[in-house]
Amino acid sequence: MHLPAETFRAVVAATPLVSIDLVVQNARGEILLGERLNRPAKGYWFVPGGRILKNERLDNAFRRLTLNELGQTLERRDAQLLGVHEHFYSDSAFGAPAEPNTHYVVVAYRITLPDGCILTPPSEQHGRYRWWPLAEARTSTEVHKNTRTYLSVFG
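Residues numbered from 1 in each chain as written. Predicted model: local features only at pLDDT ≥ 70, side-chain atom pairs only at ≥ 80, totals over all residues. Heavy atoms only, no water.

A.B. asks: Describe the packing of aromatic side chains, naming the residues involved and giving the relevant values.
C.D. replies: What the rule picks out here adds up to three aromatic pairs. Centroid distance F62 to Y109: 5.4 Å. Interplanar angle 80°. Geometry classified as edge-to-face. With F62 in helix α2 (residues 58–70) and Y109 in strand β6 (residues 102–112), this residue pair connects regions lying 47 residues apart in the sequence. F62 sits in the buried class, given a relative accessible area of 0%. The exposure class assigned to Y109 is buried, which follows from its relative accessible area of 5%. Ring geometry for Y89 against Y104: centres 6.1 Å apart, planes inclined by 90°, an arrangement best described as edge-to-face. Here the residue Y89 occupies a position in strand β5 (residues 80–89), and Y104 occupies one in strand β6, the gap between them amounting to 15 residues. Both residues of the pair, Y89 and Y104, count as buried. The residue whose ring lies beneath R130 is W132, and the NZ or CZ to ring-centre distance is 3.7 Å. (Phe/Tyr/Trp six-rings, centres within 6.5 Å; stacked < 30°, edge-to-face > 60°. Helix = DSSP H or I, 4+ residues; strand = E, 2+ residues; numbered from the N terminus. Buried < 20%, exposed > 50% of the residue type's maximum accessible area, 1.4 Å probe, protein only. Lys NZ or Arg CZ within 6 Å of the ring centre and 35° of its normal.)

All we've got here are geometric facts, nothing functional implied.
Right, dumping it as structure tokens:
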């Protein structure tokens, strides 16, 4: 469900957004990142993910987001919970440095793909995608600090 812009602006100004982020790792241990086209975090490499919708159960949100963000439906039970994180941004989808700022509460999951699995992520949120070696993604300033935080929790 898409909200009218002014309604969404009021929501962003008044409440945290709740979302799921997907830390996708291939059989070689590389991490899938996309270069963000939109605010917040525009221009940074970031993991795929998206907002949970009103009245949407976590399993349904996970299926919808994996289909929309990765091109195939995956199940939450097959992913590893990386924890609940808070993301604070000084800007929002409405621009910067204008108000409102953005606050996310994020449930992060690690998805480990089997060898030979092919993903077809769309290009609405990310202009391009790339598989990053884990060590490089953990240290690159091109990778957003919130994504680097996810990568710091596993070996």
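Having seen it, we continue.
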